[in-house]
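Now for the letters of each chain:
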Amino acid sequence: MENCLFCKFVSKEFKTEIVFENDDFIIIKDIAPKAKNHYLAIPKKHFKLLADMTADDACLLGRILKTIPTLCNLLRLENGYRLVVNQGDDAGQTVPHLHVHILSGQKMEWNPA
Ligand code: AMP
Ligand code: ZN
């Protein structure tokens with residue numbers, strides 16, 4: 001997808017520190033962390049919304065979710081973590097390429113608004 005920041009990270013056109021990569025996705029550090037540890041799991045395939053997913057995309061997302069806890073040491077998830085997927089304007093989605101926020105390293109309030 002042209003002009004997509006996360007596609008450019010995936011293709012390595014834009015350089016960033018990739019902390020994990022497999023065939024399905026990359027993990028990078030969020031540039032503006034909202035918790036002590038804040039990573040972004042970014043599928044290599046471009047789609048914006050869960051509503052846009054094909055059945056194959058759903059399998060892809062399932063594999064990503066299954067892989068995250070296996071990266072417990074790397075991502076420092078030992079004491080628990082939170083996954084967030086912002087969808088659309090009301091949720092404040094700023095990058096139109098689906099991604100999973102991984103937040104950890106501190107006690108978190110439950111404050112969805
Ligand atoms: P969202 O608002 O859910 O679409 O999340 C987009 C996330 O991307 C935000 O948490 C931003 O801080 C993060 N972000 C934006 N630009 C960069 C960048 N160049 N490198 C790493 N993270 C970024
Ligand atoms: Zn993209």
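This one's a predicted model, so the numbers in the text were calculated from it and none came from an experiment.

Among the 17 residues in the neighbourhood of ligand 1, the closest are listed as Asp30, Asn86, Thr94, His99 and His101. The contact in question runs from an oxygen atom of ligand 1 to an N or O atom on the backbone of Gly92, over 3.1 Å. Compared with its free state, where it exposes 500 Å², ligand 1 has 84% of that area covered by protein. Listing elements by their share of the shell around ligand 1, those giving two or more residues are α1 (5-11) and β2 (25-29).

A grouping of Leu65, Tyr81 and Leu83 is seen on the molecular surface, where their side chains present a nonpolar patch of about 240 Å² in accessible area. Considering the arrangement of structural elements, one finds Tyr81 in strand β4 (residues 81-84).

Glancing now at the layout of surface pockets. Computed from the structure, the largest pocket encloses a volume of approximately 430 Å³. Counting only elements with at least two residues in the lining of the largest pocket, the list comes to β4 and β5 (100-104). The class makeup of the residues in the lining of the largest pocket is seven nonpolar, five polar and four charged. Taken as a whole, the second largest pocket spans an internal volume of roughly 260 Å³. Around the second largest pocket, the lining is made up of 18 residues, and of these Phe6, Asp30, Ile31, Leu40 and Val95 lie nearest the centre. Considered class by class, the residues forming the lining of the second largest pocket number eight nonpolar, seven polar and three charged.

What counts and what doesn't
- Note that residues are indexed from 1 along each chain, following the sequence as it is written.
- To label them, take the chains in the order written and letter them from A, then take the ligands in the order written and number them from 1.
- In view of the model being predicted, local features appear only for residues whose pLDDT reaches at least 70, and side-chain atom pairs are presented and counted only at 80 or more, with totals across whole chains, interfaces and linings using the full set of residues.
- Side-chain measures here rest on the full set of heavy atoms in the structure, leaving out hydrogens and waters.
- For each residue, the test is whether any non-hydrogen atom lies within 4 Å of the molecule or strand; if one does, the residue is near.
- Here a polar contact is taken to be a pair of N or O atoms separated by no more than 3.5 Å, where protein atoms must pair a possible hydrogen donor with a possible acceptor and residues adjacent in sequence count only if both atoms sit in side chains.
- All accessible areas in this document rest on Shrake-Rupley with a 1.4 Å probe, and a residue is counted as covered only by the protein chains that are shown.
- Strands here are runs of E lasting at least two residues and helices are runs of H or I lasting at least four, both read from the DSSP assignment and numbered beginning at the N terminus.
- Put simply, a patch holds well-exposed residues, over 30% relative accessible area, that have no salt bridge, with like charges counted together within 9 Å and Val, Leu, Ile, Met, Phe, Trp or Tyr side chains within 5 Å.
- What makes a salt bridge here is a side-chain nitrogen of Lys or Arg within 4 Å of a carboxyl oxygen of Asp or Glu, nothing more.
- We place a 1 Å grid over just the protein atoms. Points where a 1.4 Å probe fits but has no way out form a cavity, open points with protein on both sides within 12 Å along at least 5 of 7 lines form a pocket, and any residue with an atom within 4 Å of a point lines it.
- Grid points are joined across faces, edges and corners, and a volume is the space filled by probe spheres set on the points.
- Three classes are used: nonpolar for Ala, Val, Leu, Ile, Met, Phe, Trp, Tyr, Cys and Pro, charged for Asp, Glu, Lys and Arg, and polar for all others, with Gly counted as polar.

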